[in-house]
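Chain by chain, the residues:
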Amino acid sequence: MEPWTEQTDEKIKIVFIASCIESTAERVGCSPEEMLDRMEAVDLVDNYIYAHYDALHTESRPNLTDDIVETLEFWESEKTKNDGQD
């Protein structure tokens, strides 16, 4: 297998993260870029999707998308509450 086509764990996780961003963006009706911005604002990609890849990648796409939307909205509301306490 050519080195550039070799599937490493890291590459597989990156593709999974990209697909999560795309499916979540489609579900809420925004662009993938906007969704990535929202996710990065609460560190969802690193601290949820990437950190829990082993469990998340076993879910069906609809359930996974529902879970990510719910988590994103909860983390955003928590961030908003915490930002208001300053």
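The rules behind these values
- Residues numbered from 1 in each chain as written.
- Predicted model: local features only at pLDDT ≥ 70, side-chain atom pairs only at ≥ 80, totals over all residues.
- Heavy atoms only, no water.
- Helix = DSSP H or I, 4+ residues; strand = E, 2+ residues; numbered from the N terminus.
- Buried < 20%, exposed > 50% of the residue type's maximum accessible area, 1.4 Å probe, protein only.
- Contact = heavy atoms within 4.5 Å.
- Areas by Shrake-Rupley, 256 points an atom, 1.4 Å probe, with all protein chains shown as cover.
- Lys, Arg positive; Asp, Glu negative; His and termini not counted.
- Charge placed at Lys NZ, Arg CZ, Asp CG, Glu CD.
- Salt bridge = Lys/Arg side-chain N within 4 Å of Asp/Glu carboxyl O.
- Polar contact = N/O pair within 3.5 Å; in protein donor to acceptor, adjacent residues only side chain to side chain.
- Axes fitted to C-alpha atoms, helices over the stretch in contact; angles between N-to-C directions.
- Parallel < 35°, antiparallel > 145°, perpendicular 65-115°, else oblique.

**Regarding the overall build of the chain**
If you tally the helices and strands in the chain, you get five helices and zero strands. Listed by position from the N terminus, the elements making up the chain come as α-α-α-α-α. Each of the three principal axes of the chain carries a C-alpha extent, and together these read 55 × 25 × 25 Å. Burial status across the chain gives 28% buried among its 86 residues. Intrachain contacts of the chain at a sequence separation of at least 6 include 63% that bridge at least 24 residues. Of the accessible surface of the chain, which amounts to about 5,800 Å², a share of 51% is contributed by carbon and sulfur atoms. Charge separation in the chain, taken as the distance between the mean sites of 7 positive and 22 negative side-chain charges, equals 2 Å.

**Some points on the pattern of salt bridges**
Opposite charge on two side chains permits pairing when their charged atoms draw close. Using the criterion set out here, one finds four salt bridges in the structure. Among the ionic pairs, D66 bridges to R27, the shortest N-O distance being 2.1 Å. Taken as a pair, D66 in helix α5 (residues 61–83) and R27 in helix α1 (residues 9–28) lie far apart in primary sequence, 39 residues in all. For D66, a relative accessible area of 38% puts it in the partly exposed group. On the basis of relative accessibility, which here comes to 41%, the residue R27 falls in the partly exposed class. The salt bridge partner of E76 is R38, with a shortest N-O separation of 2.7 Å.

**A few points about the side chain of T71**
Within the element layout of this structure, T71 appears in helix α5. Given the relative accessible area of 11%, T71 is considered buried. From its side chain, T71 meets the backbone oxygen of D67 in a polar contact 2.8 Å long.

**Describing the packing of α1 against helix α2 (residues 32–41)**
Contact geometry of α1 with α2 gives a least axis separation of 8 Å together with a crossing angle of 105°. Compared by their axis directions, α1 and α2 come out roughly perpendicular. Residues C20, I21, E22, T24, A25 and V28 of α1 lie in contact with α2, whose contacting residues are P32, M35, L36, R38 and M39.

**As for the environment of P62**
Take P62: it is sitting in helix α5. Once the C-alpha coordinates of P62 and R27 are considered, the two residues, 35 residues apart in sequence, prove to be 9.5 Å apart.

**Considering the environment of H57**
Following the sequence through the fold, H57 ends up in the loop between α4 (53–56) and α5. On the accessibility criterion, H57 (38% relative accessible area) is partly exposed. Expressed as a C-alpha distance, the spacing of H57 and K13, which sit 44 residues apart in the sequence, is 9.1 Å. From its side chain, H57 meets the backbone oxygen of D54 in a polar contact 3.2 Å long.

These results come straight from atomic positions and should not be treated as a statement about function.
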